[in-house]
There are 2 protein chains.
Amino acid sequence: MLDLGSVGMERGMLYETVVTTKNNDGVPNAAPIGVTCKDKNEIVLYLHQGSHTVKNIKAEGRFVVNILKDPIVFVESTLGNLSKDYFDQYWDDFYIKDSDAFFTANVIHIRDVEREDQFGVSTTTVLRAKVDQVIKKSEHVEPLNRAIYGVIEALVYLTRMDMVSGDMEKLYRHRMNEISRIVNKVGGSEHKKAMKKISEAFSKYDDK
Amino acid sequence: MLDLGSVGMERGMLYETVVTTKNNDGVPNAAPIGVTCKDKNEIVLYLHQGSHTVKNIKAEGRFVVNILKDPIVFVESTLGNLSKDYFDQYWDDFYIKDSDAFFTANVIHIRDVEREDQFGVSTTTVLRAKVDQVIKKSEHVEPLNRAIYGVIEALVYLTRMDMVSGDMEKLYRHRMNEISRIVNKVGGSEHKKAMKKISEAFSKYDDK
């Protein structure tokens, strides 16, 4: 049996995926969702209240995680416009045809929590799920993780700090905080170590 | 002979790499540099005037492009602190030990141009180089390209536009322009198409 290691997922890291579900009438739905790998057979998802994905997962108790890099699939599934042609069926589940890999997962724990963030109070559904079947469609699968991109973007800002001032400098500082937050949320230990080094170098500009 | 296709590089796309060179005394240097794939055997680089990389390439007429994802290598080479232990020698050239692949390249055209951007006027060295030897150290190599991450980040902002106002909204608009610029610079046709769809959806908030 394949586990999450076979699709390149590492414990503690968060990957950008597209989750497919179906409603009571068997109509497929797709949405871009971050999936945290908790263990080689367990994942955690944070879902916005009120979405089709939450409704469908609560009804079915299962869902499909698609690993892919097709930008159009991410855009159309966000806009709710993904054409039916993109879906295919695997037994009773729907997956995205051009994914590099997909896996089915069964919910083992689900709860709604009130969370307060920068946008106010909202309800988030937190769920833990057990990986059921992993299907690889490419020999080598690399799931999308944003950490290295955060590191590279942060390095761009760091090297430009000598050149900016005023509003631009404020913008860079804001963006650096945001990147640091993301890298620490989605990355592995090496990414966090790298980000710490960048933050240290960046702090030399604190008295600028 | 292997070409850039063998390391996953596609024509017209820009990849984040680490370029290694050596100076007259044989001391190795590493710097993170964007490499545009022009053809299966040709690349273009834009380099900051005054860097070790420019000086070394002008003297040697060749350099090494390392394809890797190690965040520490990106950070330390930016800060100019990359330990010698990270380098290894391939004939007369230096490469980064833990790269997934590397290739040597010979300069075929090089010129200094004055460019004006948001930071003022500066001199950039533009060079075209022919790929010499490609060495794969992993079976499957995927070079770093930022386009899909730009698309995903832009989608995050798009879905939050209903929730923000004032300074936050201004920040999102600024960031969307920046992402669009990056995706159009580094991405392939599908990334650009996706970004266009996002910009169209985003423009619905113009009169907000």
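Source: prediction; values computed, not measured.

Visitor: For the interface of chain B and chain A, give the residues involved together with the corresponding values.
Guide: Across the boundary between the two partners, chain B contributes 42 residues, which contact 42 residues of chain A. Taken together, the two surfaces of chain B and chain A that pack against each other cover about 3,800 Å², and 72% of this comes from carbon and sulfur. Broken down residue by residue, the surface that chain B buries against chain A is led by Phe119(B), Tyr149(B) and Ile152(B), which jointly contribute 17%. Applying the counting criterion to the chain B and chain A interface returns six salt bridges. Lys197(B) is paired through a salt bridge with Glu76(A); the nearest N and O atoms lie 2.8 Å apart. Linking chain B with chain A are 10 residue pairs in polar contact (both at pLDDT 80 or more). Looking at the side of chain B that touches chain A, the elements that each hand over two or more residues are helix H2 (71-79), helix H3 (147-160), helix H4 (166-186) and helix H5 (189-202) of chain B.

Visitor: Explain the nonpolar core to me, and be specific about the residues and the numbers.
Guide: Counting 64 residues, the largest nonpolar core has Phe74(A), Ile96(A), Ile198(A), Phe74(B), Ile96(B) and Ile198(B) as its most contacted members. The residues touching Phe74(A), leaving out its near neighbours within four places in the chain, are Glu16(A), Thr17(A), Val18(A), Pro32(A), Leu68(A), Lys69(A), Leu144(A), Ile148(B), Ile152(B) and Leu155(B).

Visitor: Quick one: what's the story with the pairing of strand E6 (residues 93-96) of chain B, residue by residue and with numbers?
Guide: All names here are of chain B. In E6, alternate side chains face the same way, and those of Asp93 and Tyr95 on one face and Phe94 and Ile96 on the other are all buried. In the sheet, strand E5 (residues 87-90) pairs with E6 via four bridges, with the strands oriented antiparallel. Across the sheet, Asp88 pairs through a bridge with Tyr95, a residue of E6. In this antiparallel pair of consecutive strands, E5 and E6, the connection spans two residues, and Trp91 shows a positive phi of 50°.

Visitor: Any details on the side chain of Glu178(A)? Residues and values, ideally.
Guide: Within the secondary structure, Glu178(A) sits in helix H4 (residues 166-186). Of note is the side chain of Glu178(A), whose polar atom sits 3.0 Å from the side chain of Arg181(A).

Visitor: Describe the sheet that holds strand E2 (residues 28-39) of chain A, listing the residues and the values that go with them.
Guide: Sheet strands line up and pair through hydrogen bonds in the backbone, either parallel or antiparallel. All names here are of chain A. The six strands lie next to each other as E1-E2-E3-E8-E7-E4, forming a closed barrel whose pairing is antiparallel. When strand polarity is set aside, the average angle formed by the axes of neighbouring strands in this sheet is 45°. As paired elements, strand E7 (residues 101-117) and strand E8 (residues 120-136) share 15 bridges and run antiparallel to each other. Bridge assignment links Glu116 to a residue of E8, and that residue is Val121.

Visitor: I'd love a proper account of the relation of the copies chain B and chain A, names of residues and values included.
Guide: With an RMSD of 0.0 Å, the operation that places chain B on chain A is a rotation of 180° combined with a shift of 0.0 Å along the axis. Seen this way, the second copy is the image of the first under a two-fold rotation axis. Residue by residue, 100% of the interface of chain B is reproduced at the interface of chain A, so both copies engage with the same surface.

Visitor: Give a description of the UniProt feature "domain: DUF447" (unreviewed entry) in chain A that names residues and reports values.
Guide: Residues and elements named next belong to chain A. The sites that UniProt annotates as "domain: DUF447" (unreviewed entry) are residues 15-116 and 145-199. Taken end to end, residues 15-116 has its terminal C-alpha atoms 23 Å apart, with 18% of it in helix and 56% in strand. Its end C-alpha atoms 20 Å apart, residues 145-199 is made of 84% helix and 0% strand.

Visitor: Can you tell me about the packing of helix H2 (residues 71-79) of chain A against H3(B), naming the residues and giving the values?
Guide: The interhelical angle for the contact between H2(A) and H3(B), taken along N-to-C directions, is 10°, at an axis separation of 10 Å. It follows from the interaxial angle that H2(A) and H3(B) lie roughly parallel. Contacts between H2(A) and H3(B) involve Pro71(A), Phe74(A), Val75(A), Thr78(A) and Leu79(A) from the former and Ile148(B), Val151(B), Ile152(B), Leu155(B), Leu158(B) and Thr159(B) from the latter. Class assignment of the residues belonging to the contact of H2(A) with H3(B) gives a composition of nine nonpolar, two polar and no charged.

Visitor: Lay out the pattern of salt bridges with the relevant residues and their values.
Guide: As enumerated under the stated definition, the model contains 34 salt bridges over all chains in all. Asp112(B) is paired through a salt bridge with Lys58(B); the nearest N and O atoms lie 2.9 Å apart. Of this pair, Asp112(B) sits in strand E7 (residues 101-117) while Lys58(B) sits in helix H1 (residues 52-60), placing them 54 residues apart in sequence. The partly exposed category is assigned to Asp112(B), whose relative accessible area is 40%. Relative accessible area serves as the criterion here: at 44%, Lys58(B) is assigned to the partly exposed category. Shared partners join several salt bridges into a network, and the residues in it are Lys69(A), Glu142(A), Lys69(B) and Glu142(B).

Visitor: Lay out the domain arrangement of chain A in plain terms, naming residues and giving numbers.
Guide: According to the domain assignment, chain A contains domain 1 (4-136) and domain 2 (147-205). Taken over C-alpha atoms, the centre of domain 1 of chain A sits 29 Å from the centre of domain 2 of chain A.

Visitor: Run through the environment of Leu4(B), naming residues and quoting values.
Guide: Residues and elements named next belong to chain B. Relative to the elements of secondary structure, Leu4 occurs in the segment before strand E1 (14-22). According to the relative accessible area criterion, Leu4 is buried, its value standing at 0%. Between the C-alpha atoms of Leu4 and Asp39, which are 35 residues apart in sequence, the distance is 7.9 Å.

Visitor: Which residues make up the sheet that holds E7(B), and what are the values?
Guide: Strand order in the closed barrel formed by six strands is E1-E2-E3-E8-E7-E4 (chain B), and the pairing between neighbours is antiparallel. For this sheet the average axis-to-axis angle between neighbouring strands, irrespective of direction, equals 45°.

Visitor: Provide a residue-level description of the side chain of Glu153(A), including the pertinent values.
Guide: Structurally, Glu153(A) can be placed in helix H3 (residues 147-160). A relative accessible area of 8% places Glu153(A) in the buried class.

The rules behind these values
- Residues numbered from 1 in each chain as written.
- Chains lettered and ligands numbered in written order.
- Predicted model: local features only at pLDDT ≥ 70, side-chain atom pairs only at ≥ 80, totals over all residues.
- Heavy atoms only, no water.
- Contact = heavy atoms within 4.5 Å.
- Buried area = accessible area lost by both parts, 1.4 Å probe.
- Salt bridge = Lys/Arg side-chain N within 4 Å of Asp/Glu carboxyl O.
- Polar contact = N/O pair within 3.5 Å; in protein donor to acceptor, adjacent residues only side chain to side chain.
- Helix = DSSP H or I, 4+ residues; strand = E, 2+ residues; numbered from the N terminus.
- Core = buried A, V, L, I, M, F, W, Y, C linked by side-chain atoms within 4.5 Å.
- Buried < 20%, exposed > 50% of the residue type's maximum accessible area, 1.4 Å probe, protein only.
- Pairing = 2+ DSSP bridges.
- Axes fitted to C-alpha atoms, helices over the stretch in contact; angles between N-to-C directions.
- Least-squares fit on C-alpha atoms with pLDDT ≥ 70 in both.
- UniProt positions renumbered as here; feature names shortened; annotations may be inferred.
- Parallel < 35°, antiparallel > 145°, perpendicular 65-115°, else oblique.
- Nonpolar A, V, L, I, M, F, W, Y, C, P; charged D, E, K, R; others polar.
- Domains from an automatic or database assignment.

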